[in-house]
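# Secondary and tertiary structure notes
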Amino acid sequence: MLGLIVIIISALFNILFLGKLGVGNSYYAAGIKSMMSSLSNFFFLSFDGSGFISIDKAPLSLWVDTIFAKIGGFSGIAIMLPHAIEGIVVSWMAYKIAMKFFDKKAALLAGLIAAMSPVNVAVYRNNTPDALLLVFMQLAIWQLMNFVERKEIKNLLWSAVFIGLGFNTKMLQAYLLVPAALVIIFVFGGKGWIVRIRNSVVFLATTVLMSVIWISIVDLTPASLRPFVGGSENNSAWNLALGYNGSQRLLGENGIGGNPGFNVGEKGIDRLFSGEMGTQIGWMLLSILLFSLYFAFIKRKEIWNLVKGKNDWEAKDIGVAFNIGLLLTEFGFFCVASFFHSYYLNVMIIPIAFLMAGLADKIIKGEMNRMVAGGILGASVLVQISLISEVGYATWLIPVLGLMGLFGGVLIGMNKTKFGVLVLIIGLMVAPGIWSGYTTVEAQTGTAIFIGGPSVGSGQRGGGGMGGNNMFDSRNSNQEILNYLEENYDGEKYFLAVSSQQQATDYILNQNILNIMTLGGFSGRDQAISLEDLKEKINNKEIRFFLIDGNEGSDGRGGQGGGMFNANSEISSYVSSSCQSVDGFSGLYDCQN
């Protein structure tokens, strides 16, 4: 019954008004439409129908979306619904995993926190890969906990398989699980050093093997038989996984990313408690960190016994320890990482939901000092008041939170601990619940970059990406140019060559023209073809028209026709100097006249 409550609440947040979001992230949506056109495009994630360049992500989430669209017909609902369903599964699994160890009321709290997290609701209302990644991460945790309890190698292997599937959903972000998992396996994974070392090696080897199957097949396929790997530096899926979708997320991309332009603030611990980052995941984070310190303190003897080789830990405590390890891994990453968007923080809901359930369980069972419990919960009341004040939205919550915090503290002081804690927990759920409700009803999450709730600092309704100026979203095609192209297209392999997906998506989605050559991939960063190869295609009459948008790069990061990162300026210069400009159409060139 309690699990059904979690499912219903999650479904309301995820599915209501889903149809108003269109096709979501237009880059992925255009790719899905192209992937529907052939098995080759499907397998290699081709962004265009001609198989020129691929989407710069792993395959599984895009495959799921394409299958839904193939069965139900291409539409926004067909693309977005899988993610809403995956979000419901995430919330239900948060409840089920907590039920393995805690009181059912505490498990209900875990499910509700997962269902009402603003950043997670935003993710479930978009077609990014994140929702499916969370499903695989939770399945991996479920099997890992089963292994710790039963010591059956099949559970360990399944856990590794699910992390590998997570890698094939969003690449190295799935590996945020691995450090904590390896520690748990090594410490609690069997009797004797040899067994634990063997199990750790088996887990890691299986994880890596499952991870690299698809990227290895892509790289082993001759380049002439597949699209250029979008997002890579050398047409390699391995490079994409370890570079753009791997190390660059932590270290940054040539100094670009992780700056205020992506709204993630300056590096440091405080970035998760303020600004856009704070409003996505910071609502209960301080309480969870304090509970982690408290757990380490009360378990100090058991921890010391582990050092001495004695293991007297219960499964529940191992589950808490694992989630603390996962929380610290994720917290550390997002404190220092450079090249990411704030919605990536959705992965932190897994340990936050579980550890809040663990905190509630100890309070319900009377295993925790009442004043300590009140202080841990009260700390997040102060954080929430600060966040609401900073955003300037629903400021009426500030006195409500203050009164509930005060009332809860008084009840705890009067030794009515359970009632006082209940008041505090309800108070802590109100603000993120309102932010999530705003996300469902008002926020424009169907964009490339988005947030849950209202825009930070504006006090305005209209949460979304980049303050409403999303540089990565598609641009409407010029109808007069389109008419000219359709009248003069003579069966060339490529209908048109453009600089980046911003120009291409409208042709693919709204004009149903799939054979678009997107020279720079997602944002103009890719060098998918050399100038010499392009000249050869022109000579072979595979391509005739080029559209070089002189407005691209107006943000100061690109140049004429180069897209945001201006990776193909040499090609743009060649086309503008060697091909015939079409009278009356700015930026349109004919290379066959």
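Here the structure is a predicted model, which is why all the values come from computation and not from measurement. (Residues numbered from 1 in each chain as written. Predicted model: local features only at pLDDT ≥ 70, side-chain atom pairs only at ≥ 80, totals over all residues. Heavy atoms only, no water.)

## Observations regarding the overall build of the protein chain
Inclusion rule: Only DSSP runs of H or I reaching four residues or more are called helices, and only runs of E reaching two or more are called strands; each is numbered from the N terminus. With the radius of gyration taken over C-alpha atoms, the globule rule is written as 2.2 Å times the number of residues to the power 0.38. Throughout, exposure labels follow a simple rule: accessible area from a 1.4 Å probe, protein chains only, divided by the maximum for the residue type, with under 20% read as buried, over 50% as exposed, and the rest as partly exposed. In what follows, residue pairs with any heavy atoms lying within 4.5 Å of each other are defined as contacts. The method behind every accessible area is Shrake-Rupley, applied with a 1.4 Å probe, and residues are considered shielded solely by the protein chains displayed. Only four residue types enter the tally: Lys and Arg on the positive side, Asp and Glu on the negative side; His and the chain ends are excluded. Charge positions come from single atoms, namely NZ of Lys, CZ of Arg, CG of Asp or CD of Glu.
Helix and strand counts for the protein chain stand at 24 helices and five strands. For a compact globule of 593 residues, the expected C-alpha radius of gyration is about 25 Å, and the protein chain comes in at 26 Å, within 12% of that figure. In terms of overall dimensions, the protein chain has a C-alpha envelope of 85 × 60 × 45 Å along the principal axes. Every one of the 593 residues in the protein chain was classed for burial, and the buried ones make up 60%. When contacts within the protein chain are restricted to residue pairs at least 6 apart in sequence, long-range pairs at least 24 apart make up 70% of them. When the accessible surface of the protein chain is totalled, it reaches about 22500 Å², and 61% of it is carbon and sulfur. Here the protein chain contributes 40 positive and 41 negative side-chain charges, whose respective centroids are spaced 17 Å apart.

## Remarks on the environment of Phe-522
Locating Phe-522 in the fold gives a position in the loop between strand S2 (516-518) and helix H23 (531-539). C-alpha of Phe-522 to C-alpha of Ile-53: the two residues are 469 residues apart in sequence and 9.7 Å apart in space.

## Digging into the side chain of Asn-323
Counting through the fold element by element, Asn-323 comes out in helix H16 (residues 315-336). On the basis of relative accessibility, which here comes to 2%, the residue Asn-323 falls in the buried class. If sequence neighbours within four positions are ignored, Asn-323 has contacts with Ile-350, Pro-351, Phe-354 and Leu-355.

## Some details on helix H22 (residues 501-509)
Within H22, nine of the nine residues are buried, leaving the element largely enclosed by the surrounding structure. Check the buried side of H22 and you find it contacts helix H2 (26-35), helix H21 (479-488), strand S1 (496-498), S2 and strand S3 (545-547).

## Some remarks on unusual backbone geometry
Even without glycine at this site, Phe-17 takes up a positive phi of about 60°. Take Phe-17: it is sitting in the loop between helix H1 (2-15) and H2. For Phe-17, a relative accessible area of 46% puts it in the partly exposed group. Even without being glycine, Met-171 reaches a positive phi, approximately 55°. Among the secondary structure elements, Met-171 is positioned in the loop between helix H9 (153-170) and helix H10 (178-188). A relative accessible area of 1% means that Met-171 is categorised as buried.

## Examining the pattern of salt bridges
Selection rule: Here, a salt bridge means any Lys or Arg side-chain nitrogen found within 4 Å of an Asp or Glu carboxyl oxygen.
Going through the model one piece at a time under the given rule, you end up with 12 salt bridges. With its nearest N and O atoms 2.7 Å apart, the salt bridge here joins Asp-130 to Lys-170. One end of the pair, Asp-130, is in helix H8 (residues 130-150); the other, Lys-170, is in helix H9, and 40 residues separate them in sequence. Under the relative-accessibility criterion, Asp-130 is labelled buried at 0%. Between Asp-317 and Lys-299 there is a salt bridge, and its shortest N-O distance comes to 2.9 Å.

## Some details on the nonpolar core
Spelled out, the test is: Remark: nonpolar core denotes a set of buried residues (Ala, Val, Leu, Ile, Met, Phe, Trp, Tyr, Cys) joined through side-chain atoms within 4.5 Å.
In this structure, Phe-322, Met-348, Leu-496 and Phe-546 are the most contacted members of the largest nonpolar core, which totals 184 residues. It is H8 that provides the largest number of residues to this core, a total of 13 residues.

## Let's talk about the packing of helix H17 (residues 349-364) against helix H20 (residues 417-441)
Helix packing geometry: the angle between the two helix axes and the distance between the axes. Applicable threshold: Where helices are involved, their axes are fitted lines through C-alpha atoms of the stretch in contact, as for all axes, and angles between N-to-C directions lie from 0 to 180°. Angles below 35 degrees are treated as roughly parallel, those above 145 as roughly antiparallel, those between 65 and 115 as roughly perpendicular, and all remaining angles as oblique. By definition, any crossing whose near helix is turned counterclockwise from its far helix by less than a right angle is left-handed, and any crossing with a clockwise turn is right-handed. All amino acids are sorted into three groups, where Ala, Val, Leu, Ile, Met, Phe, Trp, Tyr, Cys and Pro are nonpolar, Asp, Glu, Lys and Arg are charged, and the leftover types, Gly among them, are polar.
Across the interface, H17 lies against H20 with an axial gap of 10 Å and an inter-helix angle of 160°. In terms of axis orientation, H17 runs roughly antiparallel to H20. Taken as a pair, H17 and H20 cross one another with a handedness that is left-handed. Of H20, the residues touching H17 (which contributes Ala-360, Ile-363 and Ile-364) are Thr-417, Lys-418, Val-421 and Ile-425. Residue composition of the contact of H17 with H20, grouped by class: five nonpolar, one polar and one charged.

## Looking at the environment of Ala-94
Structurally, the position occupied by Ala-94 is in helix H5 (residues 76-99). With 263 residues separating them along the chain, Ala-94 and Ala-357 place their C-alpha atoms 9.7 Å apart. Residue contacts for Ala-94: discarding those within four places in its chain leaves Ala-110, Gly-111, Ala-114 and Gln-138.

## Focus: helix H11 (residues 193-220)
Condition: The span one expects for a helix is its residue count, reduced by one, times 1.5 Å. The bend at a residue is defined as the angle formed between two axes, one fitted to the seven residues ending at that residue and one fitted to the seven starting there.
Between its first and last C-alpha atoms H11 spans 39 Å; for 28 residues at 1.5 Å apiece the expected length is 40 Å, and the two agree. Roughly 40° is the biggest bend found in H11, and it falls at Ile-213. Three or more residues of H11 are buried, namely Arg-196, Asn-199, Ser-200, Phe-203, Thr-206, Thr-207, Ser-211, Val-212, Trp-214, Ile-215, Ser-216 and Val-218. If you follow the buried residues of H11, they end up packed against helix H3 (39-44), helix H4 (60-72), H8, H9, H10 and helix H12 (237-251).

## Concerning the confidence of the model for the protein chain
Going by this rule: pLDDT measures how confident the predictor is about each residue, on a scale from 0 to 100.
Per-chain confidence: the protein chain averages 90 in pLDDT, with 92% of residues scoring 70 or above. No element of the protein chain has a lower mean pLDDT than helix H15 (residues 300-307), which averages 85, and none a higher one than H3, which averages 98. For the stretch residues 255-261, pLDDT sits under 50, and the model shows 16 contacts to residues farther than four places along the chain or on other chains. Taken together, the stretch residues 465-469 has pLDDT below 50 and engages in nine contacts with residues farther than four places along the chain or on a different chain.

## Some details on the state of the cysteines
Filter applied, for reference: Any pair of cysteine sulfurs within 2.5 Å is marked as a disulfide.
Enumeration over the complete set of coordinates arrives at one disulfide. In this model, Cys-579 is linked to Cys-591 through a disulfide, with the two sulfur atoms separated by 1.9 Å. Taking the sign of the torsion about the S-S bond as the criterion, the disulfide between Cys-579 and Cys-591, at about 100°, is right-handed. With Cys-579 in the loop between helix H24 (569-578) and strand S4 (580-581) and Cys-591 in the segment after strand S5 (588-590), this pair connects stretches of sequence that are 12 residues apart. You'll find Cys-579 and Cys-591 in the same group, each marked buried.

## Re the sheet that holds S3
We count it as follows: Pairing between strands requires that DSSP locate at least two bridges from one strand to the other.
Read across the sheet, five strands follow the order S2-S1-S3-S5-S4 without closing on themselves; strand pairing throughout is mixed. Looking at the sheet topology across the chains shown, the edges are occupied by S2 and S4. Its contacts with the sheet place H22 against S1, S2 and S3, and it is angled at close to 160° to S2.

## Some points on a nonpolar patch on the surface
Quick reminder of the rule: Each patch is built from salt-bridge-free residues with over 30% relative accessible area, joining like charges within 9 Å and nonpolar side chains (Val, Leu, Ile, Met, Phe, Trp, Tyr) within 5 Å.
A contiguous nonpolar surface patch, about 920 Å² in accessible area, is contributed by Met-1, Leu-4, Ile-5, Ile-7, Ile-8, Leu-12, Leu-16, Phe-17, Trp-92 and Val-441. With five residues, H1 is the largest single contributor of residues to the nonpolar patch. Tracing the chain through its elements places Leu-12 in helix H1. For Leu-12, a relative accessible area of 46% corresponds to the partly exposed category.

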